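# Observations on chain architecture
As a plain string of letters, each chain reads:
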Amino acid sequence: MRVVYFGLAVSAAAFVIQGPAHAQAPVSFSKDLVPILKEQCVKCHNARQPQGGFAVSSFALLEKGGKGGKVLAPKPEDSRLIKYLEGTLKPQMPIGTPLSKAQIDKFKAWVSQGSKADVDVNALVIPDSAIPAIKVPVIKVKVPVLPQAASLAWSKDNKILAIGTYKTVILVDPATGKTLRELPGHADVIHNLQFSPDGKQLAAAGGPPALQGEVKIWEVETGKEVRTILGHNDFVYSCSWSPDGKTLATASYDKLVKIWDLATGAEVKTLKDHADAVYAVTFNPAGNLLASGSADRSVKVWDVATGKRIYTLAGHGDIVFSLAWNPAGNQITSVGADKTMRIWNVNAQNGNQAQNTSAHEKSINDVAYSPDGTMMATASDDKSVKIWKPGNGTPIQTIKDLPDAMLSVAFSGDNKLVATGGFDGTVKIYNVADGKLQSTVIDLPKAPEVKPAEVKPAAPAKPGDPKAVPAKPEPKKVDAPKK
Ligand code: HEC
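These numbers come from a predicted model, not from an experiment. (Residues numbered from 1 in each chain as written. Predicted model: local features only at pLDDT ≥ 70, side-chain atom pairs only at ≥ 80, totals over all residues.)

### So, the overall build of the chain
What counts, and what does not: Secondary structure is summarised from DSSP: a helix means a run of H or I of at least four residues, a strand means a run of E of at least two, and numbering begins at the N terminus for each. For every residue pair, C-beta atoms are placed from the backbone, and the pair is scored as a contact if these atoms sit within 7 Å.
Regarding its fold elements, the chain presents six helices and 28 strands. For the chain, contacts bridging at least 24 residues in sequence account for 49% of all contacts bridging at least 6.

See the structure below:
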């Protein structure tokens, strides 16, 4: 535990000298800055939804910085935090209403005094529960919402559809829609679900953002938790079983891909070459290669035995969110924020682009192959799911009547159905042959009837209210539970 104490005398002095800022007055992180961060910053920079990849919930997170790197430097004039507060870096923070000069001076004085922590650096000085202006009861009455259906996996024997939501995996019987089991206890949104090759276990990936990655391995039959893998410094977005079921590969927002021994839970290898968050990872069917897709716009192919990158597939113009290896093992399909679906011819030495299709009107969040390898399905922020044949730039099926951004898609074991998971939490199953709705597995609850007297007037929106913030600037990173 790294704690730096200023001592009582000093904090008391800081308290007295406050007022029109005196640059040299000792500034306390916890007493002087945390109240400002709590009031002005945390609604956009919290551990759960860090805008710009930056959270102020603990000293450690603040010190870690955001997607532009560290925000603190020895001198205030070199510190990005100060530059954002003064508006020399744009957009000026906090967006909408800049801090007063006295407040900015406090931050400057603190930086010039060495940016010291006077609390446990890892303590959540501003827990997410303290985030202001989220008036849940009012929202709940008006618009009933569910946690997002961020991930889906369909067992090969067709008997189970696994749905990854916020903190809980739900196993349903896709034929009846009946819930078979719930697997609770996850730290946050479950971003990826993968059945083991023998179908007996299920890996569920996620973790508390900006803190740790978490993958839980569940025994499907009993609902017993077999193992929890904790590693990485941030969300795990994707995982993949080796075909022999002995190792699991994970991809994280911390830019790394890791391989774990499932018998011991030990980390076997770290694959380091991506310059930004890694959103997707998957073994090839032979198990000797891994492909990963990243916010650095690249797809990389790795040698599993050595952990070395063999080659990079460049072409995507933005974040690669998802990729899949065809069952034959000679092609990879990748999708992402540039709205394209790309197919690459690949082998153990090199790869090249075989197809580039403008597939959707908005960011594409997921791609999956049908088990027989004859089709791919894509799920997009444009509220549609499309089904494709390799080599054909026109979808064979477009499912358009979906209510919200689509986060996840999975084919049934018999290739006849496709399940879709939405940001609004709904899960629906469609027929591949005609694109028609087969069943709704999870539907939005009906809005309760509200008697006028029960509705409290909502507080007037203040400037800088989260309502003014674009809901999903980074589609996958900020898809916090809509609760
Ligand atoms: C209304 C939402 C909102 C509020 C309030 C807000 N920010 Fe931001 N902040 C953002 C967004 C969005 C970005 C990303 C901007 C971009 O990438 O162009 C950002 C980026 C930043 C960054 C850069 C992170 C990086 O590494 O790129 C810093 C530093 C920052 N904010 C500090 C603050 C501080 C300190 C406060 C409070 C005094 C604050 N912000 C309040 C929305 C907000």
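### Looking at the site of the ligand
Quick reminder of the rule: Residues are classed as near a molecule or strand if the C-beta position derived from their backbone is within 6 Å of it. Lys, Arg, Asp and Glu make up the charged group, whereas Ala, Val, Leu, Ile, Met, Phe, Trp, Tyr, Cys and Pro make up the nonpolar group; the residues left over, Gly among them, are polar.
Taken together, 24 residues form the shell around the ligand, and within it Cys41, Cys44, Gly52, Gly66 and Gly68 come nearest. Its residues assigned to classes, the shell around the ligand comprises twelve nonpolar, nine polar and three charged.

### What about the environment of Gly245?
Counting through the fold element by element, Gly245 comes out in the loop between β9 (236–241) and β10 (247–252). Remark: the alpha-carbon pair of Gly245 and Pro197, spanning 48 residues in sequence, is separated by 6.0 Å. In this structure, Gly245 is in contact with Ser196, Pro197 and Asp198, ignoring residues within four places of it in sequence.

### Quick notes on the packing of helix α2 (residues 29–40) against helix α5 (residues 101–112)
Filter applied, for reference: Convention adopted: a line fitted to C-alpha atoms gives each axis, helices being fitted over their contacting stretch, and angles between N-to-C directions are expressed from 0 to 180 degrees. The cut-offs work like this: below 35 degrees is roughly parallel, past 145 is roughly antiparallel, 65 to 115 is roughly perpendicular, and the gaps in between are oblique. Crossing handedness: left-handed means the near helix sits turned counterclockwise from the far one by under a right angle, and right-handed means the same turn made clockwise.
Axis separation between α2 and α5 bottoms out at 11 Å; the angle between their running directions is 135 degrees. Classed by the angle they form, the pair α2 and α5 counts as oblique. Remark: the crossing between α2 and α5 carries left-handed chirality. Residue-level inspection shows Phe29, Asp32, Leu33 and Ile36 of α2 in contact with α5, the latter providing Gln103, Lys106, Phe107 and Trp110. Class assignment for the residues of the contact of α2 with α5 results in five nonpolar, one polar and two charged.

### A few points about the sheet that holds strand β26 (residues 417–422)
Selection rule: Strand pairing is defined by DSSP finding a minimum of two bridges between the two strands.
Spatial ordering of the open sheet is given by β25-β26-β27-β28, a layout of four strands whose pairing is antiparallel. The open sheet terminates on both sides in strands that have one partner only, identified here as β25 (406–411) and β28 (437–442). Within the sheet, the average angular offset between the axes of one strand and its neighbour, ignoring direction, is 20 degrees.

### Things to note about unusual backbone geometry
A cis amide bond, omega -5 degrees, links Lys90 with the succeeding residue Pro91. Looking at the secondary structure, you find Pro91 in the loop between α4 (80–86) and α5. Cis geometry marks the peptide bond from Met93 to Pro94, where omega comes out at -15 degrees. Structurally, Pro94 can be placed in the loop between α4 and α5.

### Considering the pairing of strand β14 (residues 289–294)
In regular strands, side chains alternate between the two faces of the sheet. Inclusion rule: Once C-beta atoms are placed from the backbone, each residue is buried if 20 or more other C-beta atoms lie within 10 Å of its own, exposed if 12 or fewer, and partly exposed for counts between those two.
For β14, the tally of buried residues reaches six of six residues, placing the bulk of the element in the interior. As defined by bridge partners, strand β13 (residues 278–283) adjoins β14 across five bridges and the pair is classed as antiparallel. Residue Val278 lies in a different strand from β14, and its bridge partner there is Ser294. In this structure, the hairpin formed by β13 and β14 is closed by a connection of five residues, where Gly287 is found at a positive phi of approximately 85 degrees. Where β14 meets strand β15 (residues 299–303), five bridges bridge the pair, whose relative direction is antiparallel. What sits directly across from Leu289, in β15, is Asp303.

### A few points about the pairing of strand β2 (residues 161–164)
With burial as the criterion, each face of β2 is covered, one bearing Leu161 and Ile163 and the other bearing Ala162 and Gly164. Across four bridges, the pairing between strand β1 (residues 151–154) and β2 is antiparallel. Directly across from Trp154, in β2, lies its bridge partner Leu161. As consecutive antiparallel partners, β1 and β2 are separated by six residues, and within that stretch Asn158 has a phi angle of approximately 75 degrees, a positive value. The pairing of β2 with strand β3 (residues 169–172) spans four bridges and is antiparallel. Its bridge partner lying in β3, Gly164 is registered against Val169. Connecting β2 to the next strand, β3, in antiparallel fashion are four residues, including Lys167 with a positive phi near 70 degrees.

### Regarding α5
For clarity, the cut-off: One less than the number of residues in a helix, times 1.5 Å, gives the span that helix is expected to have.
Between its first and last C-alpha atoms α5 spans 16 Å; for twelve residues at 1.5 Å apiece the expected length is 16 Å, and the two agree. Against α2 and α4 lie the buried residues of α5. Taken from the residues just after α5, Gly114 is the one with a positive phi, measuring 105 degrees.

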